[in-house]
Amino acid sequence: MPEIKVTPLGAGQDVGRSCILVSIAGKNVMLDCGMHMGYNDDRRFPDFSYITQNGRLTDFLDCVIISHFHLDHCGALPYFSEMVGYDGPIYMTHPTKAICPILLEDYRKITVDKKGETNFFTSQMIKDCMKKVVAVHLHQTVQVDEELEIKAYYAGHVLGAAMFQIKAGCESVVYTGDYNMTPDRHLGAAWIDKCRPDLLISESTYATTIRDSKRCRERDFLKKVHETVERGGKVLIPVFALGRAQELCILLETFWERMNLKAPIYFSTGLTEKANHYYKLFITWTNQKIRKTFVQRNMFEFKHIKAFDRAFADNPGPMVVFATPGMLHAGQSLQIFRKWAGNEKNMVIMPGYCVQGTVGHKILSGQRKLEMEGRQILEVKMQVEYMSFSAHADAKGIMQLIRQAEPRNVLLVHGEAKKMEFLKQKIEQEFHVNCYMPANGETTTIFTNPSIPVDISLGLLKRETAIGLLPDAKKPKLMHGTLIMKDNSFRLVSPEQALKELGLTEHQLRFTCRVHIQDPRKEHETVLRVYNHLKGVLKDYSVQHLPDGSITVESILIQATAHSEDQGTKVLLVSWTYQDEELGSYLTSLLKKGLPQST
Amino acid sequence: MEAVGAGEEEDEDEWLVQSLSLYKDLHTFELQAPTRVIEWARGSRVCVAGYGQSGGQEILQLVPPPTLQAKETQGLCPERDFKVECGGFSNRPVYSLKHVPDTSLLVTSGPPDSSLQVWQVSAEDSDVIKSVSAIPTENGTGQPWAKIATISARAPWVLHGSRLNSVQITEVESRKNVYTAASRNSEELSGLAFLDCNTLLLCCAKGQLCLADVRQPQSPLEAASLPSAPCGERWCMGVGRGPPGSDSSSQPVACLSSGGHLTLTDVRKTSESLAAAKCRVSSPRSGAEFLCVSWAPALEGCLAVSGFDGTVHVYDVRRWDGSGREAEPLFVHKGHAFGGPGGSAGPPLVTVHTWHPQKPRTLLSAASDGSLHVWDWVQPCGKCG
């Protein structure tokens with residue numbers, strides 16, 4: 001049976017990195033290549049030994065697809081392509097291609113420079129890896145090779161995030177990556193057409209969450225900023241150069257305007273140029289409405305937000321500052337943090353995940369005494385807050401997506417099977433499809449029912465229709481022919497034609513059966529008895545009595561001879577060709593029953 | 001990929017900015033299907049369930065976000081989401097759901113008859129809420145759905161009935177009947193409650209209250225009409241749960257009518273009104289189906305009212321003058337009118353609300369558009385209470 005095989009790579013039951021191997025119609029595709037942010041050793045990389053045992057990766061894998069720039073989806077890519085070794089194509093959307101290397105470089109700097117790790121990819125490796133990347137547009141069908149094609153769909157979530165459809169022959173798989181189904185101010189909701197893939201692969205972690213609305217999370221952010229500023233404190237918001245900074249600025253700007261607030265908001269330099277680049281990417285990627293909002297405000301010409309100068313950090317009074325880098329691991333944001341950390345009126349709001357080893361990670365874990373350079377201890381009295389603005393799908397969203405795509409099977413990764421029985425039942429009940437939940441390292445096989453197109457020869461078609469019954473769309477009709485599979489094409493032809501093409505002679509098979517009949521009369525009288533009997537019983541068939549003394553029923557021949565030893569017994573020879581097998585055996589059993597006395 | 005229309009978004013933004021000063025905390029969620037029950041279960045879990053007419057309604061047991069845990073928020077609570085811990089499927093709509101105290105059982109009721117369904121939740125082993133049994137009722141077909149109350153004093157009991165003459169107490173595990181009320185009155189019930197392990201309080205939809213003693217099943221129930229109850233209105237009740245150990249009958253019963261009248265009466269003398277007021281609400285649209293009134297467990301003298309529109313009102317009864325005139329609510333939660341999926345169904349109607357058992361000003365409310373809100377409002381004039 002044709003099948004699709006899916007193996008989530010990685011050790012154990014842990015969540016935290018995405019890397020899925022899919023085998024479809026003889027093609028092998030790797031979906032995402034993420035780093036597990038919780039580990040410091042090799043456990044942070046997916047377990048590639050599962051694939052490498054098959055030989056060279058480039059020969060085995062047809063392509064690698066990256067859904068978006070988050071490190072738990074692309075963090076292991078340079079390691080995979082440059083250190084493990086893969087030279088094939090890597091597909092991702094344009095914004096992902098632009099942003100990935102920046103995040104990877106940042107991550108590399110922290111891991112190598114700050115933590116002194118050695119078994120890690122270099123800057124050059126990141127560059128070499130990105131050279132293998134082929135950028136794709138939304139809804140563009142990309143031919144990976146003659147049989148394999150992929151298409152990206154809008155996923156929402158972050159800039160450039162996409163869901164991918166992978167098609168080989170007439171089997172297809174859709175991989176969602178991270179997505180969200182509720183549109184917000186800046187990102188629309190994920191969308192896919194009714195592509196009816198054989199399999200839809202998604203994360204199970206969302207399915208059990210009911211998310212607080214984006215608005216309420218924004219509200220929480222504004223409240224925290226407002227309260228700090230109201231009591232005269234300073235708010236530090238470390239941001240990535242490319243990311244939510246823009247969104248948060250607009251949010252604050254609107255709020256400041258509405259509430260007529262006077263405290264200054266600053267945006268550190270260095271952010272501006274990179275942010276411009278991000279802005280341009282964003283505009284082409286997003287929809288009309290969002291484009292308008294951004295075009296109206298000419299990038300960083302905010303009324304209330306000004307460029308930062310490092311001297312301002314010492315100014316008295318409340319203020320809000322956006323500064324890079326986002327994990328407080330170096331640079332301006334760390335400098336400002338050191339100045340403000342000692343005052344409990346101040347607040348730092350971490351807007352995203354922080355890698356282990358960074359100051360951001362330490363303070364989020366609750367550490368309040370930090371060792372800085374030169375053995376200096378920094379006491380953190382300022383309030384530490386964490387804000388997650390990532391848009392993810394949830395229980396309701398997963399059902400919506402399944403409804404849109406109409407897959408024949410669903411596969412959820414990263415869940416504990418025991419704890420997912422309800423979700424499995426929910427999906428199976430509502431959509432009548434199978435729901436699979438493999439553990440990491442476990443391969444799931446999904447059987448598909450692909451349609452295989454077959455050409456039928458005109459001769460065969462004519463012959464079948466000539467037999468009589470017209471084709472009825474609702475009743476299957478049995479047809480006899482020969483299936484020829486040659487050069488990836490399938491043809492149905494008549495047996496004679498097939499033999500001709502193969503250069504073989506057709507053999508004729510003829511069966512003869514002897515039926516003994518008790519009849520003392522002469523042969524020709526027996527023949528007459530048989531003829532009358534058959535004529536009476538087989539009214540729909542052509543029964544003939546030929547001048548030479550034989551009987552034909554259609555093309556079946558019946559002759560009678562006397563038994564060599566016993567004059568009272570007559571031997572009927574019933575002879576038919578292979579094609580008339582059915583009628584032949586019917587006649588034989590009929591005659592074996594004997595002739596009626598009256599004739 | 002289109003977002004919400006511009007005008008709507010502005011209204012929502014406006015409300016959000018206002019909400020900064022109105023609420024200490026605010027969460028808004030969207031359930032896949034609307035619920036008309038929000039019940040607290042074992043381990044601070046919250047249960048909700050669908051009430052749609054088609055089969056396959058979900059019963060969900062949710063783990064609330066850490067911000068709702070009883071401890072004071074520690075300043076670092078990134079998680080603001082509910083987690084679905086367990087779920088089950090009901091082939092009938094769920095109109096009422098109660099957790100059986102000290103057990104891992106839930107009891108539900110709903111049309112088309114007055115029977116009850118019992119469910120088992122075993123969160124450690126699996127995430128499926130299994131249907132374990134049904135408690136049928138005599139002549140139950142065609143009767144309105146049963147109102148339920150549960151208690152685990154002598155044994156896990158469920159008090160149920162749809163009419164005054166069908167009130168009974170059934171032992172949940174054995175399904176044995178332990179009490180049947182003696183009444184020939186077929187008045188429809190709108191609510192029932194255990195005041196303590198021996199005393200029952202029943203509320204008829206037409207506005208009558210009945211006290212019953214479980215130890216005296218033979219004495220007929222006497223229904224006393226609420227003082228000055230206008231005719232033609234539907235009534236429901238809210239029974240206070242004082243601090244543990246206190247006499248439940250010391251707290252007044254609040255009764256709410258579909259016309260917006262609120263009456264407080266002493267449980268022992270239901271014919272006398274202790275206080276009365278009128279809520280500032282328009283008449284409910286859907287015929288008083290979702291009327292709900294409840295006392296705050298941790299805020300003295302406060303009760304919440306909902307079911308008239310998309311709002312939840314909180315009143316401080318100590319400010320009432322007893323004249324029955326319109327009272328000023330202490331707080332009005334308007335969130336359900338904003339930010340929902342919107343669309344053709346019109347403005348949503350709040351189907352149910354409940355108080356957080358420990359946090360004094362935190363409530364949960366659900367509406368007909370599937371929204372579920374958790375809000376902690378700010379006391380406007382700074383008086384504790």
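None of the values given here were measured: they were computed from a predicted structure.

Here we look at the overall build of chain A
Okay, step 1: Within chain A, the secondary structure is distributed over 18 helices and 31 strands.
Okay, step 2: Each of the 599 residues in chain A was classed as buried or not, and the buried ones make up 52%.
Okay, step 3: Sequence-distant contacts, at least 24 apart, represent 70% of the contacts inside chain A between residues at least 6 apart.
Okay, step 4: In the structure as shown, chain A presents an accessible area of about 27,700 Å², 52% of it carried by carbon and sulfur atoms.

Digging into the interface of chain A and chain B
Okay, step 1: If you look at the interface, chain A gives 42 residues, while chain B gives 44 residues.
Okay, step 2: Together chain A and chain B conceal approximately 4,100 Å² of surface at their shared face, both sides included; 54% is due to carbon and sulfur atoms.
Okay, step 3: The largest contributions to the chain A side of the interface with chain B come from I210, R219 and F422 of chain A, which together make up 20% of the buried area.
Okay, step 4: Joining chain A to chain B, the criterion identifies six salt bridges.
Okay, step 5: The shortest N-O distance in the salt bridge between D220 of chain A and R80 of chain B comes to 3.1 Å.
Okay, step 6: Connecting chain A to chain B are 18 residue pairs in polar contact (both at pLDDT 80 or more).
Okay, step 7: Residue assignment for the side of chain A that touches chain B shows that the elements contributing at least two residues are β12 (209-210), α7 (214-230), α8 (245-259), β20 (383-386), α13 (395-405) and α14 (421-431) of chain A.
Okay, step 8: Classifying every residue of the side of chain A that touches chain B gives 16 nonpolar, eight polar and 18 charged.

Digging into the pairing of strand β3 (residues 45-49) of chain B
All names here are of chain B.
Okay, step 1: By the criterion of burial, β3 is predominantly enclosed, with four of the five residues buried.
Okay, step 2: Here three bridges tie strand β2 (residues 39-41) to β3, and the two strands are oriented antiparallel to one another. Paired with A41 across the two strands is R45, which belongs to β3.
Okay, step 3: Two successive antiparallel strands, β2 and β3, enclose a turn made up of three residues, where G43 displays a positive phi of approximately 70°.
Okay, step 4: Of the pairings in the sheet, the one linking β3 to strand β4 (residues 57-63) comprises four bridges and is antiparallel in character. Bridge pairing in β4 places V46 opposite L62.

With respect to the confidence of the model for chain B
Where the model shows low pLDDT, its predicted coordinates should not be examined in detail.
Okay, step 1: In the predicted model, chain B carries a mean pLDDT of 85, and 87% of its residues have values of at least 70.
Okay, step 2: Across the interfaces of the predicted complex, the ipTM metric reaches 0.87, alongside a pTM of 0.81.

What to know about the nonpolar core
Proteins that are soluble and globular tend to have nonpolar side chains buried together.
Okay, step 1: Counting residues in each nonpolar core, the largest one holds 122 residues, and the members touching the most others are M30, I201, F337, I363 and I427 of chain A.
Okay, step 2: In terms of residue count, helix α5 (residues 94-114) of chain A provides more of this core than any other element does, six residues in total.
Okay, step 3: Taken domain by domain, the makeup of this core includes at least three residues from each of domain 1 (3-210 + 391-445) and domain 2 (214-386) of chain A.
Okay, step 4: Dropping the residues within four chain positions of it, I201 of chain A is found in contact with V6, I20, V22, L31, V173, V174, Y175, T176, L411 and V413 of chain A.
Okay, step 5: Listed in part, the 29 residues of the second largest apolar core include L248, I250 and F389 of chain A together with V17 of chain B.

A look at the sheet that holds strand β5 (residues 82-90) of chain B
Okay, step 1: Overall, antiparallel pairing links the five strands, which are arranged β12(A)-β5(B)-β4(B)-β3(B)-β2(B) in an open sheet. The open sheet terminates on both sides in strands that have one partner only, identified here as β12 of chain A together with β2 of chain B.
Okay, step 2: Of the strands in this sheet, β4 and β5 of chain B touch α14 of chain A, which is tilted by about 55° from β5 of chain B.

A closer look at a nonpolar patch on the surface
Okay, step 1: The grouping of I452, V454, L483 and M485 of chain A at the surface amounts to a nonpolar patch, some 400 Å² of accessible area in total.
Okay, step 2: Here L483 of chain A is to be found in strand β25 (residues 482-486).

A look at the packing of aromatic side chains
Okay, step 1: Using the criterion set out here, one finds 25 aromatic pairs over all chains in the structure.
Okay, step 2: Measuring from centroid to centroid gives 5.6 Å for F331 of chain B and W377 of chain B, while their planes differ by 20°, and the two rings are stacked. Placement of F331 of chain B in strand β25 (residues 331-333) and of W377 of chain B in strand β28 (residues 371-377) is noted, with a sequence separation of 46 residues between them. Note on accessibility: F331 of chain B and W377 of chain B belong to one class, buried.
Okay, step 3: Plain terms: the ring middles of W355 of chain B and W377 of chain B are 6.2 Å apart, the flat faces sit at 65° to each other, and that makes the pair edge-to-face. Of this pair, W355 of chain B sits in strand β26 (residues 350-355) while W377 of chain B sits in strand β28, placing them 22 residues apart in sequence.
Okay, step 4: Assessed through its relative accessible area of 1%, W377 of chain B is described here as buried.
Okay, step 5: Three or more aromatic residues joined by ring pairs make a cluster, and in this case those are F45, F48, Y79, F80, Y86, Y107, F120 and F121 of chain A.
Okay, step 6: Above the ring of Y95 of chain B, the side-chain terminus of R36 of chain B is found at 4.0 Å from the ring centroid.
Okay, step 7: Its guanidinium or amino end placed over the ring of W145 of chain B, K147 of chain B lies 3.9 Å from that ring's centre, counting from NZ or CZ.

Digging into the pairing of β5 of chain B
Okay, step 1: Most of β5 of chain B is tucked away, with eight of its nine residues classed as buried.
Okay, step 2: Relative to β5 of chain B, β12 of chain A runs antiparallel, the two sharing two bridges. Among the inter-strand pairings, T209 of chain A is bridged to a residue of β5 of chain B, identified as K83 of chain B.
Okay, step 3: Two strands pair when backbone bridges link them, and β4 of chain B and β5 of chain B are joined in this way by seven bridges, in the antiparallel orientation. By the bridge assignment for β5 of chain B, Q61 of chain B is matched with C86 of chain B.

As for helix α6 (residues 123-131) of chain A
Residue and element names in this part refer to chain A.
Okay, step 1: Of the positions making up α6, those classed as buried are I126, C129 and M130. Mapping the buried residues of α6 onto a view down its axis gives an arc of 95°, with all of them on the same face. Turned more than 90 degrees away from the buried face of α6 sit K127 and K131, all of them exposed.

Comments concerning unusual backbone geometry
Okay, step 1: Omega for the bond connecting T324 of chain A with P325 of chain A falls within 30 degrees of zero, at -5°, which places this linkage in the cis form.
Okay, step 2: Here P325 of chain A shows up in the loop between β16 (319-323) and α11 (331-340).
Okay, step 3: Residue P111 of chain B is joined to P112 of chain B through a cis peptide bond whose omega torsion reads 20°.
Okay, step 4: Within the element layout of this structure, P112 of chain B appears in the loop between β7 (105-109) and β8 (116-121).
Okay, step 5: The backbone of E406 of chain A shows a phi angle near 55°, a positive value even though the residue is not glycine.
Okay, step 6: Position of E406 of chain A among the secondary structure elements: in the loop between α13 and β21 (409-413).

Some words on the side chain of H160 of chain B
All names here are of chain B.
Okay, step 1: Following the sequence through the fold, H160 ends up in strand β11 (residues 156-161).
Okay, step 2: Here H160 falls in the buried class, since its relative accessible area comes to 0%.
Okay, step 3: Sequence-distant contacts of H160, defined by excluding residues within four places in its chain, comprise L116, I135, T137, A146, K147, S166, V167, Q168, T170 and L192.

Here is what the cut-offs are and how they apply
- Residues numbered from 1 in each chain as written.
- Chains lettered and ligands numbered in written order.
- Predicted model: local features only at pLDDT ≥ 70, side-chain atom pairs only at ≥ 80, totals over all residues.
- Heavy atoms only, no water.
- Helix = DSSP H or I, 4+ residues; strand = E, 2+ residues; numbered from the N terminus.
- Buried < 20%, exposed > 50% of the residue type's maximum accessible area, 1.4 Å probe, protein only.
- Contact = heavy atoms within 4.5 Å.
- Areas by Shrake-Rupley, 256 points an atom, 1.4 Å probe, with all protein chains shown as cover.
- Buried area = accessible area lost by both parts, 1.4 Å probe.
- Salt bridge = Lys/Arg side-chain N within 4 Å of Asp/Glu carboxyl O.
- Polar contact = N/O pair within 3.5 Å; in protein donor to acceptor, adjacent residues only side chain to side chain.
- Nonpolar A, V, L, I, M, F, W, Y, C, P; charged D, E, K, R; others polar.
- Pairing = 2+ DSSP bridges.
- pLDDT = per-residue confidence, 0-100.
- Core = buried A, V, L, I, M, F, W, Y, C linked by side-chain atoms within 4.5 Å.
- Domains from an automatic or database assignment.
- Axes fitted to C-alpha atoms, helices over the stretch in contact; angles between N-to-C directions.
- Patch = residues over 30% accessible without salt bridge, like charges linked within 9 Å, V, L, I, M, F, W, Y side chains within 5 Å.
- Phe/Tyr/Trp six-rings, centres within 6.5 Å; stacked < 30°, edge-to-face > 60°.
- Lys NZ or Arg CZ within 6 Å of the ring centre and 35° of its normal.
- Arc of directions from axis to C-beta.

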